[in-house]
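In case you want the letters, here they are:
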Amino acid sequence: GLYDVAVSVLENPGSADGLSTVVPYTVTSADGRECYFLVNQRDVAATAFKRLGYCVLSRGQATVKISTYGTTSAYVLADAVELSYVRSITEDVDVPGVATFVGNWKASAGVPGFLGTAYRYGTGVA
């Protein structure tokens, strides 16, 4: 299924300036499906959770590996990773050449004051 991935990082006791700007995160589901994210921990420090993006995983147990390989400073911190199952999503990028829509997407007629007119909604992957 489709999962929304978010991370939290404890704030560095010195300052966020000491955190790495390129930290590889690998999310792996039980059947071996993987997603990769490069995280700037300076942007994440002291926030509740920062959304990284979507990941297609099988249901069940998943593991998260945070590596120091190729990092840009002495500090790589870990706090929490949140994987939220997504039943459907709305993408606000119905502009030719910006996104490719695969699956069950419908063009919007617009909802005034809500999402505008240039979006699609559905249960596919963008």
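The written sequence of each chain sets the order in which its residues are numbered from 1. For a predicted model such as this one, the threshold for reporting local features is a pLDDT of at least 70, and the threshold for listing and counting side-chain atom pairs is 80 or more; totals across whole chains, interfaces and linings nevertheless cover every residue. Only hydrogens and water are set aside; all other atoms, that is, all heavy atoms of the structure, feed into the side-chain values.

### Points about the state of the cysteines
Part 1 of the argument: Disulfides are defined as pairs of cysteine sulfur atoms found within 2.5 Å of each other. Considering all chains together, one arrives at one disulfide under this definition.
Part 2 of the argument: Here Cys-35 is linked by a disulfide to Cys-55, with a sulfur-sulfur distance of 1.9 Å. The sign of the 105 degrees torsion about the S-S bond sets the Cys-35-Cys-55 disulfide as right-handed. One end of the pair, Cys-35, is in strand β3 (residues 34-39); the other, Cys-55, is in strand β4 (residues 50-56), and 20 residues separate them in sequence. Think of it this way: any DSSP run of H or I at least four residues long counts as a helix, any run of E at least two long counts as a strand, and we number them from the N terminus.

### Things to note about the sheet that holds β3
Part 1 of the argument: Two strands pair if DSSP finds at least two bridges between them. Strand order in the open sheet made by the three strands is β3-β2-β5, with antiparallel pairing throughout. Each of the sheet's edge strands pairs with one partner strand only, and the pair in question is β3 and β5 (62-66). Averaged over all adjacent pairs, the angle separating strand axes in this sheet is 15 degrees, with direction ignored.
Part 2 of the argument: Pairing of strand β2 (residues 23-29) with β3 involves six bridges; the strand directions are antiparallel. Axis definition: a line fit to C-alpha positions, over the contact stretch in the case of helices; interaxial angles, taken between N-to-C directions, run 0 to 180 degrees.

### Description of the sheet that holds β4
Part 1 of the argument: Taken in spatial order, the three strands of this open sheet run β4-β1-β6, and their pairing is antiparallel. Each edge of the sheet is formed by a strand with only one pairing partner; in this case those strands are β4 and β6 (80-85). Strand-to-strand, the axes of this sheet are offset by a mean angle of 25 degrees, without reference to chain direction.
Part 2 of the argument: Bridge count for strand β1 (residues 2-8) against β4 is six bridges, and the pairing is antiparallel. Across the sheet, residue Tyr-3 finds its bridge partner in β4, namely Cys-55.

### Here we look at the packing of aromatic side chains
Part 1 of the argument: Any pair of Phe, Tyr and Trp rings, taking the six-membered ring for Trp, is counted once the centres come within 6.5 Å. Such a pair is stacked with planes under 30 degrees apart, edge-to-face with planes over 60 apart, and tilted for the rest. Applying the stated criterion across every chain yields a total of one aromatic pair.
Part 2 of the argument: With centroids separated by 5.4 Å and ring planes inclined at 65 degrees, the aromatic side chains of Tyr-3 and Tyr-85 adopt a geometry described as edge-to-face. Separated by 82 residues along the polypeptide, Tyr-3 in strand β1 and Tyr-85 in strand β6 bring together distant segments of the chain.
Part 3 of the argument: Owing to a relative accessible area of 11%, Tyr-3 belongs among the buried residues under this scheme.
Part 4 of the argument: With a 1.4 Å probe rolled over the protein chains alone, any residue whose accessible area is under 20% of its type maximum counts as buried; one over 50% counts as exposed, and the rest are partly exposed. The class of Tyr-85 is partly exposed, set by a relative accessible area of 37%.
Part 5 of the argument: The side chain of Arg-51 reaches across the aromatic face of Tyr-54, ending 4.4 Å from its centre. Should the NZ of a Lys or the CZ of an Arg lie within 6 Å of a ring centre and within 35 degrees of the ring normal, that charge is described as sitting over the ring.

### A closer look at the nonpolar core
Part 1 of the argument: The term nonpolar core refers to a set of buried residues drawn from Ala, Val, Leu, Ile, Met, Phe, Trp, Tyr and Cys, joined through side-chain atoms within 4.5 Å. Core analysis: the biggest nonpolar cluster contains 15 residues, and Tyr-25, Val-27, Phe-37, Val-39 and Cys-55 have the highest contact counts within it.
Part 2 of the argument: Looking at this core, the elements with two or more residues in it are β1, β2 and β3.
Part 3 of the argument: Only heavy atoms enter the contact rule, under which two residues are in contact if any of them lie within 4.5 Å. With residues near it in sequence (within four places) discarded, Phe-37 still touches Val-5, Val-23, Pro-24, Tyr-25, Val-27, Leu-52, Gly-53, Tyr-54 and Cys-55.

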